[in-house]
Amino acid sequence: RGLGDVYKRQPPARAGLLHVRWYRRRRAQGRGTGEEVTVAEDSTLEVAVVSAERLLWQGEAKSVVAKTPEGEIGILPGHEPVLALLLDSPLRIEESDGNKMIVAVHGGFFSVDSNKVNVIAEVAELAEDIDLERAQAALSRAQAAGDETEDTSALKRAETRITVAGAAKGLS
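### Structural notes on the environment of Ala124
The residue Ala124 is located in strand 7 (residues 116–126) in this model. Ala124 gets classed as buried once you look at its relative accessible area, which sits at 6%. Note: C-alpha distance between Ala124 and Ala104 (20 residues apart in sequence) is 5.4 Å. The residues contacting Ala124, other than those within four sequence positions of it, are Ser51, Leu56, Val103 and Ala104.

### Topic: the pattern of salt bridges
Tallied over the full model, the rule gives four salt bridges. Taking the shortest distance from any N to any O, the salt bridge between Lys62 and Glu94 comes out at 3.9 Å. A residue pair is termed long-range when its members are at least 10 positions apart, and Lys62 in strand 2 (residues 55–68) and Glu94 in strand 5 (residues 89–95) qualify at 32 residues. By relative accessible area, Lys62 is classed as partly exposed at 39%. Take Glu94: its relative accessible area is 23%, and that puts it in the partly exposed class.

### With respect to the nonpolar core
Membership of the largest hydrophobic core comes to 24 residues, with the highest contact counts inside it found for Val47, Val49, Leu91, Ile93, Val103 and Phe110. Among residues more than four places away in sequence, those in contact with Ile93 are Val47, Val49, Trp57, Ala61, Ser63, Val64, Asn99, Lys100 and Met101. The next biggest cluster of nonpolar side chains, apart from the first, holds eleven residues, and it includes Ala127, Ile130, Leu139 and Ala158.

Cut-offs applied
Residues numbered from 1 in each chain as written. Predicted model: local features only at pLDDT ≥ 70, side-chain atom pairs only at ≥ 80, totals over all residues. Heavy atoms only, no water. Helix = DSSP H or I, 4+ residues; strand = E, 2+ residues; numbered from the N terminus. Buried < 20%, exposed > 50% of the residue type's maximum accessible area, 1.4 Å probe, protein only. Contact = heavy atoms within 4.5 Å. Salt bridge = Lys/Arg side-chain N within 4 Å of Asp/Glu carboxyl O. Core = buried A, V, L, I, M, F, W, Y, C linked by side-chain atoms within 4.5 Å.

Pasting the structure below:
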């Protein structure tokens, strides 16, 4: 028997295993390679951004971009259901009227289902609520304390706040 015969047989039934060769032969749920997926122009996302303290923003949006441990993910209407962790990073929302909004998100998760996006953050701040001078002072304190402690969350939080505040000034 040759090596090619091994891959022609049915793989053994084992929970959690997916043979790469079998997977690569399948097409993506009825779509051909290179085929575009169209989204109706009038469909929007219902987005809610919630922190531990309060509801920060709720409304309709064309798109949402968030950063996860696997990288950035863009959400458009008609997206498959997703549940993912959020990193300390800017969350970008394009509202249905075309306005762009940025939110500083510090941890948490987000879910997408049936054109509904829920962002549940440990701490979140709208760009217009961030005081740039205070954020820069917090960054300086975190950098000074960085030599003494292994905790980098304060440093990442300050960097994210500065990035979001600076990006918001560029949008306005």
